[in-house]
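Spelled out from the first residue to the last, the chains are:
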Amino acid sequence: MRAGGDVDRSGATAPAPGSDDGDQLGATVAALTADDLAPARRRQLLTRLVGQARARGLADLFKPKAAGRWMTDTVAEVAPHVPVRDLATLRRHFPGLDDEALAERLVRNAARATAGVGAAGGGVAAVEWAVTPTLLSAPVLLAAETVTVVAIELKLIGELHEVHGVPLPTGGTQRAVALMQAWATQRGINPMMPGVGVSAVLGTAARRELRDTLLKRFGRNLTTLGPFLTGAAVASYLNRRATRRLADELRRDLRRKGRDLPGSRPALP
């Protein structure tokens, strides 16, 4: 974790004054992945993220290719900041739970968090409707919401790997790349594969797969812009459902990988 900010129970670090733009963006997204954010705090952080995204000189986010390229680059940039807790830390944070109950708690918390982002995005959008020119900021809000939801799910993916006894690659870059690949494919990380560099995401078919998956999520988040907070309710429901679906697919694959790993802990039933 980057020094200089406040660390919460999730391991997220709040943005610190004086950080550069990339660190500030990553720290804001990391803070948004916390399990127990109050709605007002989540809305505040999402509003901050929209401002940080605007400051990066965004253009043409109404165009799908431009939006996909920006989100892919941004997810790759913030992924190393995502605070994935190891098994020992998870046991301290959730004492008394067996592996199955712990995994379910992580999924429940992540689904609540992504639902909360949808609700917060709808709240921000409701305010934006009264501000001119609204539509100029709409794609930035959608991109920021999408990146935040993906970060929450990256954290969930990493922590489910811990609970299922399938180790993550070591090193910030390798871990971040593996998490992004697992998110794009909804499959567990194969720890037997050789290490890959960040170019695996930034310049190959893996990047295209990540971009295409991000664009699907981006399109679904258009419901955030529904008037009179109806968009918040719909976005909240869709985010929760999508996170649950991703977790179900991932856990099925991790059970299989856990059984296949030599010397691993018994996979969850």
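You'll find the structure just up there.
About the thresholds
- Counting starts from 1 at the beginning of each chain's written sequence and moves along it residue by residue.
- Where totals are concerned, whole chains, interfaces and linings use all residues; where local detail is concerned, this predicted model gives features only for residues with pLDDT of at least 70, and gives and counts side-chain atom pairs only at 80 or more.
- Just so you know, side-chain values use all the structure's heavy atoms and leave hydrogens and water out.
- Any carboxyl oxygen of Asp or Glu within 4 Å of a side-chain nitrogen of Lys or Arg constitutes a salt bridge here.
- Here a helix means four or more residues in a row that DSSP labels H or I, a strand means two or more in a row labelled E, and each is numbered from the N terminus.
- To sort residues, take the accessible area from a 1.4 Å probe on protein chains only and compare it with the maximum for the residue type: under 20% means buried, over 50% means exposed, and anything in between is partly exposed.
- Here a helix's expected span is defined as the number of its residues, less one, multiplied by 1.5 Å.
- The contact definition used throughout considers only heavy atoms, calling two residues in contact when any of these lie within 4.5 Å.
- A 3.5 Å cut-off defines polar contacts: any pair of N or O atoms within that distance qualifies, except that in protein one atom must be a possible hydrogen donor and the other a possible acceptor, and neighbouring residues in sequence count only when both atoms are side-chain atoms.

To continue, consider the pattern of salt bridges. As enumerated under the stated definition, the model contains 9 salt bridges in all. Ionic pairing is found between Asp-35 and Lys-155, a salt bridge with its closest N-O pair at 3.7 Å. Taken together, the residues Asp-35 in the loop between α1 (21–32) and α2 (39–55) and Lys-155 in helix α6 (residues 134–163) connect sequence positions 120 residues apart. The buried category is assigned to Lys-155, whose relative accessible area is 3%. Salt-bridge contacts for Arg-251 lead to Glu-104; the nearest nitrogen and oxygen are separated by 3.8 Å. With Arg-251 in helix α10 (residues 230–260) and Glu-104 in helix α5 (residues 99–128), this pair connects stretches of sequence that are 147 residues apart. Glu-104 gets classed as partly exposed once you look at its relative accessible area, which sits at 33%. Several salt bridges share partner residues, and in doing so they unite Asp-35, Arg-85, Lys-155 and Glu-159 into one network.

Turning our eyes to something else, we now look at helix α7 (residues 172–185). Over its 14 residues, α7 extends 20 Å from the first C-alpha to the last, a length consistent with the 20 Å expected when each residue adds 1.5 Å. Among all positions of α7, only Arg-175, Ala-176, Val-177, Ala-178, Leu-179, Met-180, Ala-182, Trp-183 and Ala-184 are buried. Positive backbone phi, at 55°, marks Gln-186, one or two positions downstream of α7.

This part takes up the environment of Glu-159. Positionally, Glu-159 belongs in helix α6. Through-space distance from the C-alpha of Glu-159 to that of Val-84 is 6.0 Å; in sequence the pair is 75 residues apart. Leaving out residues up to four positions away in the same chain, Glu-159 has contacts with Pro-83, Val-84, Arg-85, Leu-90 and Leu-106.

Turning to the side chain of Asp-253, a few remarks are in order. Among the structural elements, Asp-253 can be located in helix α10. Among the residues examined, Asp-253 registers a relative accessible area of 7% and is labelled buried. Looking at Asp-253, its side chain comes within polar contact range of the side chain of Arg-256, at 2.7 Å. In this structure Asp-253 touches Arg-187 and Gly-188, once residues within four positions along its chain are discounted.

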